[in-house]
Amino acid sequence: MRRPLIAANWKMNKTTAEARAFCEALLPRLDGAAGGAEAAICPPYLALPLVAGLCEGSGVGACAQNMHYEESGAYTGEVSAAMLLDAGASGVVLGHSERRQYFGETDEALSRKLPVALAAGLVPILCVGESEGERERGETDQVLRRQLDAALARVDGAALADVVIAYEPIWAIGTGRTATAEQANDACGFIRALVAARDGGAAERIRIQYGGSVKPGNAAELLGQSDIDGALVGGASLDPDDFAAIVAAA
Ligand code: PGA
């Protein structure tokens with residue numbers, strides 16, 4: 001019932017020429033292979049119009065990696081929801097752990113970004129996840145609850161169905177250390193229960209991705225779990241063959 005979403009988070013990788021080469025390699029590989037899954041590419045801002053244009057009509061979406069909550073104004077270096085729409089974006093990654101860790105992203109700012117993205121018709125991919133220390137101390141559920149309560153505070157219960165949540169344990173991002181399928185499914189199930197406490201219908205429909213060292217070799221097992229509805233893929237999404245294989249696994 002929930003259509004899996006496989007999103008390629010390129011982070012700060014690929015020039016426009018490289019982005020073009022990737023799309024030209026990827027799209028023929030996805031033809032027919034995607035089955036019921038949906039794919040999206042999240043390039044750096046500068047490649048967004050190009051990727052959106054190349055993917056038009058293919059069913060592959062183009063998403064940004066961040067967004068400001070204000071419409072316009074004196075916010076040097078920032079990009080608004082309207083600008084993302086203008087660039088052809090269909091969604092936006094919000095609250096990635098790298099933004100939280102290196103660029104001071106806060107739960108308070110995220111609580112403003114979420115409703116702005118939804119109102120603009122952009123699909124927000126909200127990232128949450130615990131650090132290694134938090135997992136070792138048994139604080140995973142507590143961290144997920146705190147991050148979700150804060151970021152989704154200004155989103156109506158029913159509108160939660162239009163959000164995508166990416167569960168990304170920080171210790172699994174870019175480390176090659178994937179969460180076990182059981183750990184990932186437990187956390188995604190816990191997240192769904194948190195959504196259910198606000199709106200039962202939305203909890204059935206909301207898509208919850210796993211992210212953190214997803215590769216062609218582990219994708220099928222992770223994506224086969226009952227509460228995992230897709231993947232947010234970093235490193236392996238830079239290669240069109242690997243990304244196509246992960247989409248096919250969904
Ligand atoms: P990774 O990154 O697949 O390279 O671990 C995932 C992410 O940060 O979204």
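Our subject is the structure that appears above.
The rules we used
Residue numbers run consecutively from 1 along every chain, following the written order of its sequence. Per-residue local features are limited, in this predicted model, to residues with pLDDT of at least 70; the limit for side-chain atom pairs, both in listing and counting, is 80 or more; totals at the level of whole chains, interfaces and linings are taken over all residues. Side-chain descriptors were evaluated using all non-hydrogen atoms of the structure, hydrogens and water having been removed beforehand. Think of a 1 Å grid over the protein atoms and nothing else: a 1.4 Å probe that fits but is trapped marks a cavity, an open set flanked by protein within 12 Å on at least five of seven lines marks a pocket, and residues with an atom within 4 Å of a point count as lining. Grid points are joined across faces, edges and corners, and a volume is the space filled by probe spheres set on the points. Secondary structure elements follow DSSP: runs of H or I no shorter than four residues count as helices, runs of E no shorter than two count as strands, and numbering proceeds from the N terminus. Polar here means any residue outside two lists: the nonpolar Ala, Val, Leu, Ile, Met, Phe, Trp, Tyr, Cys and Pro, and the charged Asp, Glu, Lys and Arg; Gly therefore counts as polar. Definition of nearness: a residue and a molecule or strand are near each other if at least one heavy atom of the residue lies within 4 Å of the molecule or strand. Pairs of N or O atoms are called polar contacts if they sit within 3.5 Å, as long as, within protein, a hydrogen donor faces a hydrogen acceptor (for residues adjacent in sequence, only side-chain-to-side-chain pairs). For every residue, the accessible area (1.4 Å probe, protein chains only) is compared with the maximum for its type, and the residue is labelled buried under 20%, exposed over 50%, or partly exposed between those bounds. For a helix, the expected span equals 1.5 Å multiplied by the residue count minus one. In this description, the arc belongs to the directions extending from the helix axis to the C-beta atoms. Planes of paired rings set the category: under 30 degrees apart is stacked, over 60 is edge-to-face and the rest tilted, where pairs are Phe, Tyr or Trp rings (Trp by its six-membered ring) whose centres lie within 6.5 Å. Ring-over charges, as used throughout, are those where CZ of Arg or NZ of Lys falls within 6 Å of the ring centre and within 35 degrees of the ring normal. Between any two strands, pairing holds if DSSP finds at least two bridges. Orient the strands so they point away from the viewer, and a crossover whose first-strand-to-second-strand path over the helix runs clockwise is right-handed.

Draft legend 1. Quick peek at the layout of surface pockets. Looking at the largest pocket, its volume works out to about 460 Å³. Lys11, Met12, Gln65, Arg99 and Phe103 are, among the 16 residues lining the largest pocket, the residues nearest its centre. Looking at the lining of the largest pocket, the element that brings in the most residues is helix H4 (residues 97–103), giving four residues. Broken down by class, the residue content of the lining of the largest pocket amounts to seven nonpolar, five polar and four charged.

Draft legend 2. Main features of the site of the ligand. Near the ligand you find 13 residues, and of these Lys11, His96, Glu168, Gly174 and Ser213 are the closest. In this structure, asparagine 9 approaches the ligand through a side-chain N or O atom, which is 3.5 Å from an oxygen atom. Interatomic distance of 2.8 Å between a backbone N/O atom of glycine 234 and an oxygen atom of the ligand. Grouping the constituent residues of the shell around the ligand by class yields four nonpolar, seven polar and two charged.

Draft legend 3. Inspection of unusual backbone geometry at higher detail. With a phi close to 55°, lysine 11 is a non-glycine residue in the positive phi region. With respect to the helices and strands, lysine 11 occurs in the loop between strand E1 (5–9) and helix H1 (16–30). When its relative accessible area of 21% is taken as the criterion, lysine 11 is described as partly exposed. Located in the positive-phi region is lysine 14, a residue other than glycine, with phi close to 85°. Mapped onto the elements, lysine 14 comes out in the loop between E1 and H1.

Draft legend 4. The arrangement of empty space enclosed by the protein in detail. Scanning the entire structure with this criterion turns up one cavity of 30 Å³ or more. Counted as a void, the largest cavity has a volume near 40 Å³. When residues of the lining of the largest cavity are traced back to their parent elements, those giving at least two are H4 and strand E5 (123–128). Each residue belonging to the lining of the largest cavity can be placed in one class, and the counts come to two nonpolar, four polar and two charged.

Draft legend 5. Representation of helix H7 (residues 140–151) within the structure. For H7, spanning twelve residues, the distance from its first C-alpha to its last is 17 Å, which sits close to the expected 16 Å at 1.5 Å a residue. Every buried residue of H7 is listed here: Thr140, Val143, Leu144, Gln147, Leu148 and Ala151. Here the buried residues of H7 occupy an arc of 120° about the axis, which is enough to place them on one side.

Draft legend 6. The arrangement of the packing of aromatic side chains in detail. Taken as a whole and judged by the stated rule, the model has four aromatic pairs. With a centroid separation of 4.8 Å and 80° between ring planes, the pair formed by tryptophan 10 and phenylalanine 22 is classed as edge-to-face. A residue pair is termed long-range when its members are at least 10 positions apart, and tryptophan 10 in the loop between E1 and H1 and phenylalanine 22 in helix H1 qualify at twelve residues. Judged by centre distance (6.5 Å) and plane angle (45°), the rings of phenylalanine 22 and phenylalanine 243 are tilted. Here phenylalanine 22, found in helix H1, pairs with phenylalanine 243, found in helix H11 (residues 240–249); they are 221 residues apart in sequence, far enough to count as distant. Using a relative accessible area of 0% as the deciding quantity, one classes phenylalanine 243 as buried. In this structure an aromatic cluster arises from ring pairing among Trp10, Phe22 and Phe243. Stacked on the ring of tryptophan 10, the Lys or Arg lysine 14 has its end atom at 5.3 Å from the ring centre. The lysine or arginine in question, arginine 112, covers the ring of tyrosine 69, its NZ or CZ lying 5.7 Å from the ring centre.

Draft legend 7. Highlighting the pairing of strand E8 (residues 230–233). Of the two faces of E8, both are covered, the one formed by Gly230 and Leu232 as well as the one formed by Ala231 and Val233. Here E1 runs beside E8; their pairing, made up of four bridges, is parallel. Bridge pairing in E8 links alanine 8 to valine 233. With two bridges joining them, strand E7 (residues 207–211) and E8 adopt parallel strand pairing. Directly across from glycine 211, in E8, lies its bridge partner leucine 232. Taken together, E7, helix H10 (residues 216–223) and E8 form a β-α-β motif whose crossover is right-handed.

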